[in-house]
2 protein chains.
Amino acid sequence: MPDLILSIPGDNRPAYLRIADGVRSAIQTGRLKPGEKLPSGRALARLLGVHRHTVGAAMDELVAEGWLQSGERRLRQVSAVLPSQFFEPQNGKPSLPQNRKHQWRLVRSAETSECGPPDNKRYRYAFQGGQPDLRLFPYDEIRACLSESLRRSPATRSGYANPAGHPYFIERVEAYLTHIRAVSGRKVIVTHGTQEAVFLIAQLLIKPGDKVAVEELGYSAAWDAFRAAGAELVPLRVDSDGVDPDALAEAAAQHRLRLIYLTPHHQYPTTVTLPACRRLRLYDIACRHRIPIFEDDYDHEFHYRCQPIAPLASSDPCELVVYSSTLSKIMFPSLRIGLLAVPDALYEPLLRLRMIVTRQNDVLLQDAVARWIDNGGFERHLRRMRRVYQERRDTTVEALEQAQARGLPVTWTVPDGGMALWMDCATDADAVAKRAAAKSVHVTTESAYRLDHRPGTHLRLGFASQTPNEIRKGMTLLMEAVAEQTRRPAAAVSD
Amino acid sequence: MPDLILSIPGDNRPAYLRIADGVRSAIQTGRLKPGEKLPSGRALARLLGVHRHTVGAAMDELVAEGWLQSGERRLRQVSAVLPSQFFEPQNGKPSLPQNRKHQWRLVRSAETSECGPPDNKRYRYAFQGGQPDLRLFPYDEIRACLSESLRRSPATRSGYANPAGHPYFIERVEAYLTHIRAVSGRKVIVTHGTQEAVFLIAQLLIKPGDKVAVEELGYSAAWDAFRAAGAELVPLRVDSDGVDPDALAEAAAQHRLRLIYLTPHHQYPTTVTLPACRRLRLYDIACRHRIPIFEDDYDHEFHYRCQPIAPLASSDPCELVVYSSTLSKIMFPSLRIGLLAVPDALYEPLLRLRMIVTRQNDVLLQDAVARWIDNGGFERHLRRMRRVYQERRDTTVEALEQAQARGLPVTWTVPDGGMALWMDCATDADAVAKRAAAKSVHVTTESAYRLDHRPGTHLRLGFASQTPNEIRKGMTLLMEAVAEQTRRPAAAVSD
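Overview of the structure. Note on numbering: residues in each chain are counted from 1, in written sequence order. Chain letters start at A and ligand numbers start at 1, both assigned in the order the entries are written. Per-residue local features are limited, in this predicted model, to residues with pLDDT of at least 70; the limit for side-chain atom pairs, both in listing and counting, is 80 or more; totals at the level of whole chains, interfaces and linings are taken over all residues. For the side-chain quantities, the full set of heavy atoms in the structure was used; hydrogens and water were omitted.

## Here's the deal with the relation of the copies chain B and chain A
Reasoning step 1: When the copies are overlaid, the least-squares fit takes in C-alpha atoms only where the residue has pLDDT of at least 70 in both copies. Its rotation angle being 180°, the transformation that places chain B on chain A also includes 0.1 Å of axial translation and leaves an RMSD of 0.1 Å. Taken together, the rotation angle and the small translation identify this as a two-fold axis.
Reasoning step 2: Mapped onto chain A, 100% of the interface residues of chain B are again interface residues, and the two copies thus contact each other with one and the same surface. By the convention used here, residues are in contact when the closest approach between their heavy atoms is within 4.5 Å.

## Quick look at the pattern of salt bridges
All names here are of chain A.
Reasoning step 1: By definition, a salt bridge exists where a carboxyl oxygen of Asp or Glu is found within 4 Å of a side-chain nitrogen of Lys or Arg. If you walk through the whole model with that rule in mind, you get 64 salt bridges over all chains.
Reasoning step 2: Across the pair E232 and K211 runs a salt bridge whose closest N-O atoms are separated by 3.5 Å. Note that E232 is positioned in strand β6 (residues 232-239) and K211 in strand β5 (residues 211-216), a separation of 21 residues in sequence.
Reasoning step 3: With a shortest N-O distance of 3.4 Å, E484 and R435 are connected by a salt bridge. The numbering of helices and of strands both runs from the N terminus, where a helix is a DSSP run of H or I of at least 4 residues and a strand a run of E of at least 2.

## Section: helix α2 (residues 41-48) of chain A
Side chains of residues three or four places apart in an α-helix project in the same direction, reflecting 3.6 residues per turn.
All names here are of chain A.
Reasoning step 1: Only protein chains enter the accessibility calculation, which uses a 1.4 Å probe; a residue whose area is less than 20% of its type maximum is buried, one above 50% is exposed, and one in between is partly exposed. Turning to α2, its buried residues are L44, A45 and L48. Taken end-on, α2 shows its buried residues confined to a sector of 100°, consistent with a single buried face. Those residues of α2 that are exposed and aimed more than 90 degrees away from the buried face are R42 and R46. Our arc is simply the arc of the directions from the helix axis toward the C-beta atoms.

## Things to note about the packing of aromatic side chains
Reasoning step 1: Only the six-membered ring of Trp is used, alongside the rings of Phe and Tyr, when aromatic pairs are assigned; centres must lie within 6.5 Å, and planes under 30 degrees apart are stacked while those over 60 apart are edge-to-face, with the rest tilted. Going through the model one piece at a time under the given rule, you end up with 27 aromatic pairs over all chains.
Reasoning step 2: Their ring planes at 75° and their centres at 4.9 Å tell us that F302 of chain A and Y389 of chain A sit as a pair that is edge-to-face. Here F302 of chain A is found in the loop between β9 (293-296) and β10 (321-326), whereas its partner Y389 of chain A is found in helix α12 (residues 377-405), with 87 residues between them in sequence.
Reasoning step 3: Judged by its relative accessible area of 1%, F302 of chain A is buried.
Reasoning step 4: Ring geometry for Y139 of chain B and F332 of chain B: centres 5.7 Å apart, planes at 40°, overall tilted. With a gap of 193 residues between them, Y139 of chain B in helix α4 (residues 139-151) and F332 of chain B in the loop between β10 (321-326) and β11 (338-342) connect regions that are remote in the sequence. In terms of burial, Y139 of chain B and F332 of chain B fall into one category: buried.
Reasoning step 5: One aromatic cluster in this structure is built from F137, Y139, Y176, F332, W372 and F378 of chain A.
Reasoning step 6: A cation over a ring is seen here: K187 of chain A above Y347 of chain A, with NZ or CZ 5.5 Å from the ring centre. Criterion for a charge above a ring: Lys NZ or Arg CZ within 6 Å of the ring centre, and within 35 degrees of the ring normal.

## Quick word on the side chain of R371 of chain A
Residue and element names in this part refer to chain A.
Reasoning step 1: Along the chain, R371 turns up in helix α11 (residues 363-374).
Reasoning step 2: Among the residues examined, R371 registers a relative accessible area of 15% and is labelled buried.
Reasoning step 3: Apart from the residues lying within four places of it in its own chain, the contact partners of R371 are C145, E148, S149, R152, R157 and Y168.

## What about the nonpolar core?
The nonpolar side chains of a soluble globular protein tend to be buried with one another.
Reasoning step 1: Side-chain atoms within 4.5 Å are what join buried Ala, Val, Leu, Ile, Met, Phe, Trp, Tyr and Cys residues into a set we call a nonpolar core. Core analysis: the biggest nonpolar cluster contains 256 residues, and F226 of chain A together with F226 of chain B have the highest contact counts within it.
Reasoning step 2: Filtering out sequence-adjacent residues up to four positions away, F226 of chain A remains in contact with V198, A202, V212, V214, A231, L233, L259 and Y261 of chain A.

## Overview of the interface of chain B and chain A
Reasoning step 1: Taken together, the 111 residues of chain B in the interface contact 111 residues of chain A.
Reasoning step 2: A quick way to say it: buried area is the sum, across both parts, of accessible area lost when two parts are put together, with a 1.4 Å probe. A buried area of about 10,200 Å², summed over both sides, lies between chain B and chain A, and 64% of it is on carbon and sulfur atoms.
Reasoning step 3: A per-residue breakdown of the area chain B buries against chain A is headed by W104, Y160 and I356 of chain B, which together make up 8% of the total.
Reasoning step 4: Linking chain B with chain A are four salt bridges.
Reasoning step 5: Where the side of chain B that touches chain A is concerned, the elements lending two or more residues are α1 (15-28), α3 (52-65), α4, α6 (193-205), α7 (220-228), α9 (276-289), α10 (344-357) and α11 (363-374) of chain B.
Reasoning step 6: The element best represented in the side of chain B that touches chain A is α10 of chain B, accounting for ten residues.
Reasoning step 7: Gly counts as polar in this scheme, as do all residues outside two lists: the nonpolar Ala, Val, Leu, Ile, Met, Phe, Trp, Tyr, Cys and Pro, and the charged Asp, Glu, Lys and Arg. Of the residues in the side of chain B that touches chain A, the class split is 60 nonpolar, 21 polar and 30 charged.

## Considerations on the sheet that holds strand β12 (residues 411-412) of chain A
All names here are of chain A.
Reasoning step 1: Any two strands between which DSSP finds at least two bridges are classified as paired. Taken together, four strands build an open sheet; the order of strands is β12-β13-β16-β15 and the sheet is antiparallel. Whereas interior strands pair on both sides, the edge strands pair on one side only; in this sheet they are β12 and β15 (444-445).
Reasoning step 2: In this sheet, strand β16 (residues 458-462) lies alongside strand β13 (residues 420-424) in antiparallel orientation, the contact comprising five bridges. If you follow W422 over to β16, its bridge partner there is R460.

## Notes on the environment of W412 of chain A
Residue and element names in this part refer to chain A.
Reasoning step 1: By the element assignment, W412 lies in strand β12.
Reasoning step 2: According to the relative accessible area criterion, W412 is buried, its value standing at 19%.
Reasoning step 3: Put simply, W412 and H458 are 46 residues apart on the chain and 9.3 Å apart in space, counted from C-alpha to C-alpha.
Reasoning step 4: Dropping the residues within four chain positions of it, W412 is found in contact with V397, L400, E401, Q404, L421, W422 and M423.

## Thoughts on the pairing of β6 of chain A
All names here are of chain A.
Reasoning step 1: Summarising the sheet, β5 and β6 pair through six bridges and their orientation is parallel. Within the sheet, the bridge partner assigned to K211 lies in β6 and is E232.
Reasoning step 2: In this fold, β5 hands off to helix α7 (residues 220-228), which returns the chain to β6; that crossover is right-handed.
Reasoning step 3: With two bridges joining them, β6 and strand β7 (residues 242-243) adopt antiparallel strand pairing. Paired with V238 across the bridge in β7 is V243.
Reasoning step 4: Hairpin remark: β6 followed by β7, antiparallel, with two residues in the connecting loop. By convention, a crossover is right-handed whenever its connection, traced from the first strand over the helix to the second and viewed with the strands pointing away, goes clockwise.

Bear in mind that shape data such as this cannot, by itself, settle questions of function.
In structure tokens form, the structure reads like this:
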């Protein structure tokens with residue numbers, strides 16, 4: 001049997017694999033028959049001029065693959081049923097429908113408003129909201145914190161850990177929520193962004209057919225999570241003061257609402273701050289009808305006119321508010337750190353569910369961010385970005401004022417905070433956005449924030465991620481698009 | 001009105017907040033009545049001796065809170081309906097059931113096998129499986145890679161990104177899966193550990209009442225994810241060769257199975273490697289009955305006797321295998337990087353669902369790991385740990401051999417790979433584990449891997465996370481526990 005070792009030039013694999021190949025092909029070509037006994041390991045080793053262990057490894061491999069089986073007195077013999085027979089033609093027919101690809105039955109056709117990365121790169125002027133200016137983040141500071149985390153007994157933080165989050169980070173978050181946002185006495189769970197926070201709450205509280213009240217105009221990524229749990233969405237009117245409490249009163253009278261999803265601080269997408277009287281009224285209605293509230297406070301810190309107004313969660317005697325926040329806007333989105341601050345009653349059930357969905361967040365980043373909070377970097381960055389974004393908001397408003405002065409039919413409300421401005425262009429906003437895209441300007445439009453995607457006249461201008469200079473240039477092009485769409489001669493704009 | 005500014009000692013808040021407090025308390029105590037007009041901003045500023053803008057900020061705050069409203073000629077007046085009235089007693093009755101805490105209706109009572117961090121710290125000798133030796137990870141290497149990631153244009157990687165994962169990382173993973181695991185021609189999605197991978201597939205393929213076949217003994221965290229999707233679990237027998245294909249054939253004949261969850265490479269928890277003939281037979285049955293297979297290949301690389309055997313996913317003509325892996329064992333669990341490699345047909349639906357659940361993994365860590373793969377650190381660490389774990393397996397086996405030689409009724413099969421050993425102590429394993437825990441030795445028992453948690457005689461000895469010396473000491477104590485439980489005098493063990 002010396003020909004069992006095939007000396008293929010360039011085959012540098014271990015000898016045992018080449019021996020296994022030789023025996024396998026001897027079986028496949030019929031030189032070795034099912035049931036046939038092989039010589040002993042020692043005998044084979046002598047025949048092949050290799051060590052006995054090498055032969056043993058080859059035989060083990062072939063036994064594992066099913067070509068050989070153990071016979072009497074530890075001798076190997078060719079298997080009675082060969083692995084290849086499972087796949088080779090039997091009685092002239094292939095035993096398996098090999099050409100037939102599996103037809104997958106999907107029980108969910110997850111509807112998402114977007115799938116794939118946002119395509120910022122394709123546009124020179126990107127006015128989409130929600131993205132901070134990533135160029136201004138002090139990456140060196142977080143690098144130093146990560147280094148520190150990886151130097152100081154990292155082995156204690158790299159195992160399976162608490163599904164609620166890294167205790168050191170949670171402590172800092174709790175202090176921050178208490179002192180800056182007046183939210184306290186709650187249990188904190190670290191999530192993978194706001195998305196996982198909404199998803200977990202939807203899975204825990206909503207069953208198919210349940211009604212969930214949402215702001216319309218509103219945040220479609222949250223809608224997707226509610227729909228994935230089987231919710232029917234009940235739209236609540238949004239006006240120039242934010243969501244209308246009367247709309248909630250009507251909806252609550254008409255439907256058994258199981259959850260209300262709100263963005264009170266800076267309404268998404270209009271960035272209006274909900275007045276305190278409306279907040280109180282909404283809370284009152286929710287309490288009376290016993291409907292939990294999901295308060296999504298995604299960019300609390302970016303408030304320019306006065307102190308941010310206290311969240312609903314800061315005064316929640318009925319303990320029905322689930323509060324969420326994120327580091328995506330304060331730091332950067334790819335960090336994937338969101339926060340849930342929930343009443344005691346929800347904590348254990350949420351952790352149990354969380355174990356099933358993603359188990360826990362990565363601890364290294366939480367540890368580094370906690371260090372960054374401790375060394376003052378977090379506060380410093382916040383203060384800086386608040387000034388930067390306020391300037392950018394003002395630049396955007398100036399550009400609009402100039403366009404209005406030139407006779408363009410644009411109107412807007414200056415937002416007290418947030419990272420975007422909601423404007424009315426008094427014409428088909430989708431058409432304007434299309435014209436703008438041709439000029440390499442990206443804006444989102446009212447239809448993206450409607451349940452039925454019906455078109456409207458509003459545009460959302462995210463001003464946070466561009467410099468004042470970029471904003472001015474982009475706004476000039478955008479206003480040209482508005483002018484073109486309203487059929488005014490472009491000359492009227494550029495003079 | 002100069003008494004409006006309350007000069008409380010130690011109150012260093014901005015003047016506008018103190019002015020707002022003063023006006024608010026004047027309204028609350030009735031000194032200012034609903035509808036009453038306030039003096040102009042200029043007049044108030046003169047009265048209070050502050051700048052007009054300070055008064056403006058205070059008024060804005062009170063308008064936002066609902067205490068004031070805008071009257072004629074821009075004058076502020078006290079609101080007709082005060083915010084406090086929403087909460088204060090009306091007609092002698094409180095308007096809100098404030099003492100009544102919200103009664104949460106939970107639509108899922110997520111059953112998890114564990115909730116909370118594993119309590120390694122409480123035991124001196126931790127034989128739980130699945131945890132690599134975190135003390136041996138080269139944290140400095142990953143620190144250097146993270147630094148690099150944060151130095152080289154980090155802004156391009158910190159925004160919202162591709163939900164499938166970081167393209168640079170995915171490229172490296174695909175090359176790795178192709179060359180080391182022979183798994184190719186699939187689409188890769190990065191997940192938060194194996195847990196999110198199982199969860200996503202369960203959500204996509206399983207609806208309430210569906211039958212899912214699982215190995216028993218098996219992995220309860222995966223069971224939890226299937227149950228969360230409403231699955232009824234159908235157990236498949238596991239014997240000394242791994243899962244029994246006859247059990248699958250019977251189950252498939254009896255039930256409409258919607259998914260089969262398998263750990264072929266190192267069966268969890270027994271660490272047996274499934275022989276190739278069984279793999280082929282299982283695949284054949286799955287194809288004939290058109291049942292998708294979830295192949296969880298969680299510690300492929302740690303194989304000591306020969307080359308790891310190719311996964312089911314490496315030869316999947318029917319395209320019905322979903323393949324998953326994780327960096328939790330190769331690197332460390334708190335990293336939260338898992339991998340799904342799926343047939344084309346599942347890719348888009350999975351990404352849509354993924355957008356809803358957690359959107360994406362954090363990019364920074366993916367980028368750093370890709371750099372670590374590129375600079376050879378990954379392969380180097382793998383080679384090292386394979387040697388280390390093999391030695392630890394052998395140390396564990398030696399300790400068992402010595403115990404057996406001393407007359408203890410322990411039996412085991414030496415696993416070809418993996419990070420744990422499955423042993424039979426021929427007595428109540430839970431009782432042994434309890435005795436061991438009292439000696440500060442942590443082991444898991446057969447009952448944890450049973451659907452009905454019925455007790456058995458097997459223990460799982462995770463050998464990866466302890467040094468040979470720790471293993472020897474821990475095994476001595478564990479064998480004492482076995483001896484005590486089998487009512488042999490402890491002296492028989494220690495001589």
